[in-house]
Structures are given as structure tokens and as C-alpha cells.
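What the coordinates show
Listed below, chain by chain, are the residues.
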Amino acid sequence: MKAVIPAAGRGTRFLPATKAQPKEMLPLIDKPVIQFVVEEAVASGIDDILIITGRGKRAIEDHFDKSFELEEILERDGKTDTLKEMRDISDLADIHYIRQREPKGLGNAIYYAKKHVGDEPFVVLLGDDIISSDVPCTKQLMDYYEKYKAPIIAVNKVEKEMIESYGVVDGELVEDLVYKVKDLVEKPKPEDAPSNLGITGRYLLTPDIFDAIDKTEPGKGGEIQLTDALRILSQKRDMYAYDFEGVRYDLGNKADYIKATIEYALRREEFSSWMKDYLKTLMK
Ligand code: G1P
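Attention in this report is confined to the structure presented alongside it. (Residues numbered from 1 in each chain as written. Predicted model: local features only at pLDDT ≥ 70, side-chain atom pairs only at ≥ 80, totals over all residues. Heavy atoms only, no water.)

1. What about the overall build of the protein?
Counting its secondary structure elements, the protein contains 11 helices and 13 strands. Considered along the principal axes of its C-alpha atoms, the protein spans approximately 60 × 50 × 40 Å. Within the span of the protein, comprising 284 residues, buried residues form 48% of the whole. For the protein, the exposed area adds up to about 14,900 Å²; of that, 49% sits on carbon and sulfur atoms. Of note, the protein has its 42 positive side-chain charges centred 4 Å away from the centre of its 53 negative side-chain charges. (Helix = DSSP H or I, 4+ residues; strand = E, 2+ residues; numbered from the N terminus. Buried < 20%, exposed > 50% of the residue type's maximum accessible area, 1.4 Å probe, protein only. Areas by Shrake-Rupley, 256 points an atom, 1.4 Å probe, with all protein chains shown as cover. Lys, Arg positive; Asp, Glu negative; His and termini not counted. Charge placed at Lys NZ, Arg CZ, Asp CG, Glu CD.)

If you want it as C-alpha cells, here you go:
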């Protein structure tokens, strides 16, 4: 299966940090967010990834490319561990790029993948969502696809006051954690939300989504929304939502960015013991 990672968004929520660099290149400690996303796809068994970029996103391509100059310096200085780490980044997968020519929304960005994915199902991983889980979230979706052979959207339960930041699924529980989709709505007001199931940035889609995107009129923010295209498609075919196992961080959101930084630091052996003490001291 191929993966598509839309990374064309402007990242205005993170200005000024994103004024001159893509939001997907913001680091969680020492690794750019988009590398976590690519690594999740690779850990799910995917080796062909299309990243949808746009203006000002060149740093993403440079990041996954080989850097001869840097490798030469690391080799000369005998920094073999770092050298290996750098080589591994450029060997992660076959990464292809296409640029979204105008910022016309997530649905429009996905449409750029049409030729690349062809007539096969594919996964979409949003470039600024990272998910911490035992089994990669994308792999969880792929496993359920084997059973349902239909599009599956990752969702999780969202606090009422946050629901307006998400696409929301109205569904009927068909088995533990799996809902059959009845309807979808992009970023509803809390009082209009049909449920508390918010769409997370992972989707397993079938190629008929492209036709649906083609038929989708501009929606929220005047953009072509993927949620609206899924809504059109859900009226024609079965579609599922899966309340995945794992914790999701929307790194376009500052509070989540801070939480993720702390959690990932606590997980790293080199930081965990002194950080726990440090956090305790701060709390006092
Ligand atoms: C996009 C989708 C939304 C989804 C969200 C998940 O919104 O349009 O349906 O719930 O990603 O992160 P964005 O966060 O790009 O505004």
C-alpha cells in the first residue's frame, strides 16, 4: 500500500516559528515532526510515500535527501552513530513529492495523489499529527481494512469544547471500537456536532475518493474539505471509523506540542530521570 502525506498547509497557528520554515519541520526535541509521520508509515510496512508539498516547503525534501557534505564531515570526525542515523533517514522509503499549486484545502491536496496511487487503496497521514501507540495507528487501520475492505477513518473521542477543530463522524457501533459511518461534518459548532468522534489525521482510503473530491464544493473556510468528500462517498458505499488505540498529538496546536515534547523527553533514557526530578522541582 502507498502512503500520502499532505504537508502543504501554511502553519499560521505557529507563527512566527513557521514564517520561514515548514511547520512539519518543527522538531520534537531533535527530530522534525514529519519524520515521525514517515517512520509510522514505514513501521506499518509501507515503502512508497508521496508527500504533497507547496510553496516554502523545500526543507522537507532536503531533510529526506542524502547530504553528502554532512556525511563527509561526520565521517571525518568519526561520528559514526550520527552518520548512520543520517544515512537511515535518506534510506527510509521511496519518497516522492508533488506540489499543491494553490492552497485550496485538504481535499484538493489529496487529489494531487490521484495519478500516483492509481487504482489501489492508500493511506493518508496528516503531516502535523503524531500518534504514540504500541502498534502504529496506520497499521491498525490496515488490519481493519483487511476485514472490512472499505475506507476507514481513525477517530478518537474529543472534549465538547474542542470539537470545532475536527471533522466529526456520526456512526453506529458495529464492533468494539469500530463504527459504521452514517454521516460526517467538518468542524461543527459543539451544539451541532452529531457525536464526540473527532477525525484524527489518519485515513485508509479507496480510489473512489478522487471522484468524490471532484464533486466536492468549497466548504469550511472556502476550501475543498476531505471530510465533505468523504460525506459524499459515504452516501454511496460502506465506510467505517475506528477509535484507534494510542495517544494523538496535533502538533499544529501549541498545548499538544508542549505535551508531546514532555512525553517524548520522558521516554528518552538520557533525559527521563533528571527530567522527572526537574518537573517535580518546578511544580513545587
Ligand atoms: C484536518 C481535517 C479535520 C481533521 C483534522 C485532524 O483539519 O480537515 O477533519 O479532524 O485535520 O487533525 P486541520 O487540522 O488541518 O484544520
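Now that the structure has been shown, we can carry on.
2. Focus: the layout of surface pockets
Gaps between atoms show up when a probe of the same size as a water molecule is rolled over them. What the largest pocket holds in volume is close to 990 Å³. Along the walls of the largest pocket sit 38 residues, with R13, K23, L106, D128 and K187 positioned nearest its centre. Sort the elements by how many residues they give to the lining of the largest pocket and strand β11 (residues 197–205) lands first, with four residues. Considering only residue class, the lining of the largest pocket consists of 13 nonpolar, 13 polar and 12 charged. (1 Å grid on protein atoms, 1.4 Å probe; cavity = no way out; pocket = protein on both sides within 12 Å on 5 of 7 lines; lining within 4 Å. Points joined across faces, edges and corners; volume = space filled by probe spheres on them. Nonpolar A, V, L, I, M, F, W, Y, C, P; charged D, E, K, R; others polar.)

3. Some words on empty space enclosed by the protein
Counted according to the given criterion, the structure contains one cavity of 30 Å³ or more. If you add up the space inside the largest cavity, you get close to 30 Å³. K23, L26, V33, D128, L251, G252 and Y257 together form the lining of the largest cavity. Among the residues forming the lining of the largest cavity, the class breakdown is four nonpolar, one polar and two charged.

4. Some thoughts on the site of the ligand
Every residue close to the ligand is listed here: L106, L126, D129, Y166, G167, E186, K187, I199, Q225, T227 and R248. Within the side chain of K187, a nitrogen or oxygen atom sits 2.5 Å from an oxygen atom of the ligand. Contacts to the ligand include T227, whose side-chain N or O atom sits 3.2 Å from an oxygen atom. Notes on the ligand: free accessible area 380 Å², of which the protein chains cover 82%. More than half of the atoms of the ligand fall within 2 Å of the grid points belonging to the largest pocket. In terms of residue class, the shell around the ligand is built from four nonpolar, three polar and four charged. (Near = heavy atom within 4 Å. Polar contact = N/O pair within 3.5 Å; in protein donor to acceptor, adjacent residues only side chain to side chain. Sits in = over half its atoms within 2 Å of the grid points.)

5. Describing the packing of helix α10 (residues 254–267) against helix α11 (residues 269–283)
With their axes 6 Å apart at the nearest point, α10 and α11 run at an angle of 120 degrees to one another. When the axis of α10 is compared with that of α11, the two are oblique. Listed contacts from α11 to I262, A265, L266 and R267 of α10 are E269, F271, S272, M275, K276 and L279. Residues belonging to the contact of α10 with α11 are distributed by class as follows: six nonpolar, one polar and three charged. (Axes fitted to C-alpha atoms, helices over the stretch in contact; angles between N-to-C directions. Parallel < 35°, antiparallel > 145°, perpendicular 65-115°, else oblique. Contact = heavy atoms within 4.5 Å.)

6. Here's the deal with the pattern of salt bridges
Going through the model one piece at a time under the given rule, you end up with 23 salt bridges. Two residues, K84 and D88, come together in a salt bridge whose shortest N-O distance is 2.7 Å. Taken together, the positions of K84 and D88, both in helix α4 (residues 80–90) and four residues apart, correspond to about one turn of that helix. A residue is classified by how much of its surface remains accessible, and D88, at 35% relative accessible area, is partly exposed. Across the pair K259 and D256 runs a salt bridge, and its minimum N-O distance is 3.9 Å. Pair noted here: K259 and D256 are both in helix α10, with a separation of three residues, about one helical turn. (Salt bridge = Lys/Arg side-chain N within 4 Å of Asp/Glu carboxyl O.)

7. Brief notes about the side chain of S234
Note on placement: S234 falls in helix α9 (residues 226–234). S234 has contacts with V181, L184 and M239, leaving out every residue within four places of it along the chain.

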